[in-house]
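Coordinate analysis (summary)
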Amino acid sequence: MAKQELIPSDWSPLEVKLLNTEDIFLHKPAIMKKAEANLTALKQEIIKTLSQAPHPCPPESDIVKGQIVRGENHKGFPFISLDMPQMFSKNQMFTYRTLFWWGHDLIFSLILKQENQAPPIEKLVQLKEHPEWEDIQLAIAPTPWEWGKDMKNFIPLSGASETKIRDAINSVKYIKLCRFYSLASPEFPELNWADAGLATWKTLSRICAD
C-alpha cells in the first residue's frame, strides 16, 4: 500500500495572523490603480518631452504609445511596469522601463543592448561623476531582468572605476542603469513619479545622445 503523504496540520502564529488579514486584499486593487495612474502620467510627460526636441532613441523606437504591463508574480510579488520609449528587435534593445514592484521599490531604468556598446560606455564614464548621477546603480547580473537591489545584481556607479564599469558591461553584454526609490522610505508617499521619472530619463538618456 502506498504511503500517504502527511499534511501539516499545525499553523504558526504568523500564519494564523496572515490568514485573518484582509487589508491587503481589500486595498490592493486601489493601490495598483493608483500606481498605473502615476505611470500613465509619467508616460504622457515623456511623450511630450520627446515630441519637443531631437530625441536620443534609436530609429524605429516607439515614442508615442508606450506599454504598461501588470503582473502578479515577480519573485512572488505583484508589479506594474511602463516601457516608454521602447524598441526591441532581434539584435537590439532600448527601453526606459519604470517598475513599481510591490514590497520593494519604484525603479526608473534605462536598458540598452546594441552591437557597438563603445559609444554609450564612453559617455557613461564621462558623465558618472556628475552630481545627478550620484545615486545611479549599474546592473551586473547575467540578465537585465533582475531587479533586486543587492550586490549580486548592482553596483553603485559613483565611485566605481572606469575599468570596473567597462569590465562589468562587457561581461553581461548590456547596459542597465537604475535609480531606486524604496517604497519603505518616509519620503515615498510625497514622491511625484512623473517629475522623478522624467528627470531620471533626462539624466540616463544622455549616454545615447549624439
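What counts, and at which threshold
- Residues numbered from 1 in each chain as written.
- Predicted model: local features only at pLDDT ≥ 70, side-chain atom pairs only at ≥ 80, totals over all residues.
- Heavy atoms only, no water.
- Helix = DSSP H or I, 4+ residues; strand = E, 2+ residues; numbered from the N terminus.
- Buried < 20%, exposed > 50% of the residue type's maximum accessible area, 1.4 Å probe, protein only.
- Contact = heavy atoms within 4.5 Å.
- Patch = residues over 30% accessible without salt bridge, like charges linked within 9 Å, V, L, I, M, F, W, Y side chains within 5 Å.
- Areas by Shrake-Rupley, 256 points an atom, 1.4 Å probe, with all protein chains shown as cover.
- Salt bridge = Lys/Arg side-chain N within 4 Å of Asp/Glu carboxyl O.
- Polar contact = N/O pair within 3.5 Å; in protein donor to acceptor, adjacent residues only side chain to side chain.
- Core = buried A, V, L, I, M, F, W, Y, C linked by side-chain atoms within 4.5 Å.
- Axes fitted to C-alpha atoms, helices over the stretch in contact; angles between N-to-C directions.
- Parallel < 35°, antiparallel > 145°, perpendicular 65-115°, else oblique.
- Left-handed = near helix turned anticlockwise from the far one by under 90°.
- Nonpolar A, V, L, I, M, F, W, Y, C, P; charged D, E, K, R; others polar.

With that settled, the discussion passes to the overall build of the protein. Each helix and strand counted, the protein has five helices and seven strands in total. Helices and strands appear in the protein in the N-to-C order α-α-β-β-β-β-α-β-β-α-β-α. Along the first, second and third principal axes, the C-alpha set of the protein runs to 70 × 40 × 35 Å. Residues counted as buried form 42% of the 210 residues belonging to the protein. Restricting the contact set of the protein to residue pairs at least 6 apart, pairs at least 24 apart contribute 63%.

This paragraph deals with a nonpolar patch on the surface. A contiguous nonpolar surface patch, about 340 Å² in accessible area, is contributed by Trp11, Val16 and Leu19. One can find tryptophan 11 in the segment before helix H1 (13–19).

Moving on: the environment of glutamine 114. Residue placement: glutamine 114 occurs in the loop between strand S4 (105–113) and helix H3 (118–127). The partly exposed category is assigned to glutamine 114, whose relative accessible area is 22%. Separated by 54 residues in sequence, glutamine 114 and glutamate 60 place their C-alpha atoms 14 Å apart. Discounting residues that sit within four places of it in the chain, glutamine 114 has contacts with Asn91, Gln92 and Pro120. One polar contact links the side chain of glutamine 114 to the main-chain carbonyl oxygen of asparagine 116, over a distance of 2.7 Å.

In this structure, Trp133, Leu177 and Ile207 are the most contacted members of the largest nonpolar core, which totals 43 residues. Mapped onto this core, the elements with two or more residues apiece are helix H2 (23–52), strand S2 (77–88), strand S3 (93–101), S4, H3, helix H4 (162–172), strand S7 (175–182) and helix H5 (193–204). For this core, the element with the highest residue contribution is H2, accounting for seven residues. The residues touching isoleucine 207, leaving out its near neighbours within four places in the chain, are Leu110, Leu112, Pro120, Lys123, Leu124, Leu127, Trp133, Ile175 and Leu177. Counting residues in hydrophobic clusters, the runner-up holds 14 residues, among them Trp147, Val172, Tyr174 and Phe180.

Their axes nearest at 11 Å, the elements H3 and H4 cross at an angle of 150°. It follows from the interaxial angle that H3 and H4 lie roughly antiparallel. In the packing of H3 onto H4, the handedness of the crossing is right-handed. Residues Ile121, Glu122, Leu124 and Val125 of H3 form the contact with H4, whose own contacting residues are Glu162, Ile165, Arg166, Ile169 and Asn170. Residues belonging to the contact of H3 with H4 are distributed by class as follows: five nonpolar, one polar and three charged.

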